[in-house]
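If you want the building blocks of each chain, they are given just below.
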Amino acid sequence: HKTVTVCSIYLPPNDKIDPVALNNLIQQLPEPFFLLGDLNGHSPLWGCADLNERGRTIEDCIINNDLCLLNDKSPTYTRTNL
């Protein structure tokens, strides 16, 4: 039995990501932790067809902090017509 930290964040699509702030957040999380959220970044790592600057910043954060991405490259967003 062990406590697990869950952190959920939202990064609005038009706000610039501050990589230093994101890294600082990660450094403050007690291990083990799950970092979940709507980060509004595009990367093939999580099923997007393209890679944008925001996605690259998030990828770099994952690599620099030796994090594990829990996704099988399935899309995390689908557009529906209602």
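Residues numbered from 1 in each chain as written. Predicted model: local features only at pLDDT ≥ 70, side-chain atom pairs only at ≥ 80, totals over all residues. Heavy atoms only, no water.

Let's talk about unusual backbone geometry
In the segment running from Glu 31 into Pro 32, the intervening peptide bond is cis, with an omega of -10°. Despite not being glycine, Asp 66 shows a phi value in the positive range, around 55°. Along the chain, Asp 66 falls in the segment after helix H2 (53-64). (Helix = DSSP H or I, 4+ residues; strand = E, 2+ residues; numbered from the N terminus.)

What to know about H2
Taking 1.5 Å of rise per residue, the twelve residues of H2 would be expected to cover 16 Å, and the 16 Å separating its terminal C-alpha atoms lies within 8% of that figure. Of the positions making up H2, those classed as buried are Arg 54, Gly 55, Thr 57, Ile 58, Glu 59, Cys 61 and Ile 62. Next to the buried residues of H2 lie helix H1 (19-28). (Expected span 1.5 Å × (residues − 1). Buried < 20%, exposed > 50% of the residue type's maximum accessible area, 1.4 Å probe, protein only. Contact = heavy atoms within 4.5 Å.)

Regarding the layout of surface pockets
The volume enclosed by the largest pocket comes to roughly 1100 Å³. Leu 35, Gly 37, Leu 39, Trp 46 and Leu 69 are the residues nearest the centre of the largest pocket, which is lined by 33 residues in total. Contributing elements (two or more residues each) for the lining of the largest pocket: H1, strand E2 (33-38) and H2. Sort the elements by how many residues they give to the lining of the largest pocket and E2 lands first, with six residues. Of the residues assigned to the lining of the largest pocket, the class counts are 20 nonpolar, nine polar and four charged. (1 Å grid on protein atoms, 1.4 Å probe; cavity = no way out; pocket = protein on both sides within 12 Å on 5 of 7 lines; lining within 4 Å. Points joined across faces, edges and corners; volume = space filled by probe spheres on them. Nonpolar A, V, L, I, M, F, W, Y, C, P; charged D, E, K, R; others polar.)

A few points about the side chain of Thr 5
Here Thr 5 shows up in strand E1 (residues 5-10). Residues contacting Thr 5, with those up to four places away along its chain left out, are Leu 29, Pro 30, Pro 32, Phe 33 and Phe 34.

Quick word on the pairing of E2
Looking down a regular strand, the side chains alternate between one sheet face and the other. Sheet topology places E1 next to E2; six bridges connect them, and they run parallel. When the sheet's bridge partners are listed, Cys 7 is paired in E2 with Leu 35. Following the backbone out of E1, through H1 and into the adjacent parallel E2, one traces a crossover that is right-handed. (Pairing = 2+ DSSP bridges. Right-handed = clockwise from strand over helix to strand, strands pointing away.)

Quick notes on the nonpolar core
Core analysis: the biggest nonpolar cluster contains twelve residues, these being Cys 7, Ile 9, Leu 11, Ile 17, Leu 22, Ile 26, Leu 29, Phe 33, Trp 46, Ile 58, Cys 61 and Ile 62. Elements represented by at least two residues in this core include exactly E1, H1 and H2. Considering every element that reaches this core, the biggest residue donor is H2, with three residues. Discounting residues that sit within four places of it in the chain, Phe 33 has contacts with Thr 5, Ile 26 and Leu 67. (Core = buried A, V, L, I, M, F, W, Y, C linked by side-chain atoms within 4.5 Å.)

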